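Descriptive analysis of the structure
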Amino acid sequence: SCETDNPAYRVLIVDDNQAIHDDLRKILIGEGGGPAELLGDEELLFQKVEIRGSRFEIDSAYQGRDGLAMVDRAVAEGRPYALAFVDVRMPPGWDGVQTVVQLWKAYPDLQVVICTAYWDYSWNDIVGNLGHSDNLLILKKPFDNIEAIQLAHALTRKWTVSREARAKRQDLERMVQQATVELTYHANHDALTDLPNRRLFADRLAQAIALARRHGEKLALLYIDLDGFKLVNDTLGHTLGDLLLCEVVKRMKDRLRQCDTLARMGGDEFTLIATELTEPDAAQVLARRLREVLLAPFLIDGNQLFVTASVGIAIYPQDGRDPTDLLRNADAAMYAAKREGKNRAVFFNPQIGQAANDRLEFETHLRSALE
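Before going into details, it helps to say that this report is about the structure given with it. (Residues numbered from 1 in each chain as written. Predicted model: local features only at pLDDT ≥ 70, side-chain atom pairs only at ≥ 80, totals over all residues. Heavy atoms only, no water.)

1. Concerning the nonpolar core
Defined as follows: Nonpolar cores are built from buried Ala, Val, Leu, Ile, Met, Phe, Trp, Tyr and Cys residues. Side-chain atoms within 4.5 Å join them into one set. Think of it in three bands: residues with accessible area under 20% of the maximum for their type are buried, residues over 50% are exposed, and the middle band is partly exposed, with areas taken using a 1.4 Å probe on protein chains only. Numbering goes from the N terminus for both helices and strands, where a helix is a DSSP run of H or I of at least four residues and a strand is a run of E of at least two. Two residues qualify as a contact provided that any one of their heavy atoms is within 4.5 Å of a heavy atom in the partner residue.
By size, the foremost hydrophobic cluster in this structure holds 45 residues, and its most contacted members are Leu28 and Phe85. Among the elements that line this core, the one with the most residues is helix α6 (residues 145-188), at six residues. Among residues more than four places away in sequence, those in contact with Phe85 are Val11, Leu12, Ile13, Val14, Leu24, Leu28, Val113, Cys115, Leu139, Ala148 and Ala152. Core analysis: the next-biggest nonpolar cluster, separate from the first, contains 34 residues, Leu222, Ala274, Leu305 and Ile315 among them.

Laid out in structure tokens, this is it:
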């Protein structure tokens, strides 16, 4: 229907009796002159309904299959019928109940009035075939004209309200879906750099390990910490430091492969999951690319800034078979790179792991020394 103050509804009449088509046309649109019983007060009521209500566009079908073809075509054209008057008896071919079953398969929103002068079907039979539906009413022949016009206006209005409600519900569902997507994205990505955060990184690392285990492949985990970033933050402020971080990320992303995952762990610390490695040295090559891309100065807000990167590398499966061990060992290797002079990449080895354990034990003893 047209969304106006006086919409036009498409109505389909499915009946093998031409007289029924003529009568319904007279009742709904006054075609050929109104029936005599609509004179006087009833005619005034009819006119008021027409003035305040809807106009009807009426099509006729004389058998159920013809009606189905017209409903299919109307749906395909995007101009579906709002209402169908269907005769319960239409020999030969489908009867009214069979016709309604097929019409609802083609267009479930169709409002239906079954017109009958004979009880070929009991109400239980009709419900058994069509189910309990508020899209269905029964009109006894001969028609009470006021009843027929009221049914037409009530059911077409209901059709409109149902469509509007469904459209609003679909809009709300789309809004909720979009909001869910956005919330999920923000929950898994760093707000500043738009990189995967710790949560998404943990999931990606677990997936990468599972795939490497399944295919008998190696993967590398690189733990990256910026050298000199704290000085920038302390002297020029966090706002400029944030701008620097974003520029660092842009440069690093330009050197990554499509299969690599770069994540921000917090502050100036990043991790990189490198898969599809043919040999461990490929991780060293990748680390060198990341360090080299940072060598050129950064010009930010009139300031020329320099940062480098210390990188720790742990290889699956030799340096860890689960995410926790691999991350811990890559972190230990990164601290080894810091101790060895910064701006370098260091592979994890058992000596680094032992040194980290010894340092933790020593710090624990120092804390209890005075006591």
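2. Describing the sheet that holds strand β11 (residues 308-316)
For the record, the criterion: Pairing between strands requires that DSSP locate at least two bridges from one strand to the other. For helices, the fitted line uses only the C-alpha atoms of the stretch in contact; every axis is such a line through C-alpha atoms, and the angle between N-to-C directions lies from 0 to 180 degrees.
Pairing within the open sheet is mixed, and its five strands lie in the order β7-β8-β6-β11-β12. Here the strands that pair on one side only, and so sit at the sheet edges, are β7 (261-266) and β12 (345-347). Strand-to-strand twist of the sheet, defined as the mean angle between neighbouring strand axes without regard to direction, takes the value 20 degrees. The sheet contact formed by β7 and strand β8 (residues 269-277) spans five bridges and is antiparallel.

3. Things to note about the packing of helix α7 (residues 198-215) against helix α11 (residues 323-339)
Spelled out, the test is: Throughout, the term roughly parallel applies to angles under 35 degrees, roughly antiparallel to angles over 145, roughly perpendicular to angles from 65 to 115, and oblique to all others. Nonpolar residues are Ala, Val, Leu, Ile, Met, Phe, Trp, Tyr, Cys and Pro. Charged residues are Asp, Glu, Lys and Arg, and all others, Gly as well, are polar.
The geometry of α7 relative to α11 is characterised by a closest axis approach of 10 Å and an angle of 110 degrees between their N-to-C directions. On the basis of their axis angle, the class for α7 and α11 is roughly perpendicular. Contacts between α7 and α11 pair Phe201, Leu205, Ala206 and Ile209 from the former with Pro323, Leu326 and Leu327 from the latter. Split into classes, the residues belonging to the contact of α7 with α11 amount to seven nonpolar, no polar and no charged.

Keep in mind that these numbers describe shape and distance, not what the molecule does.
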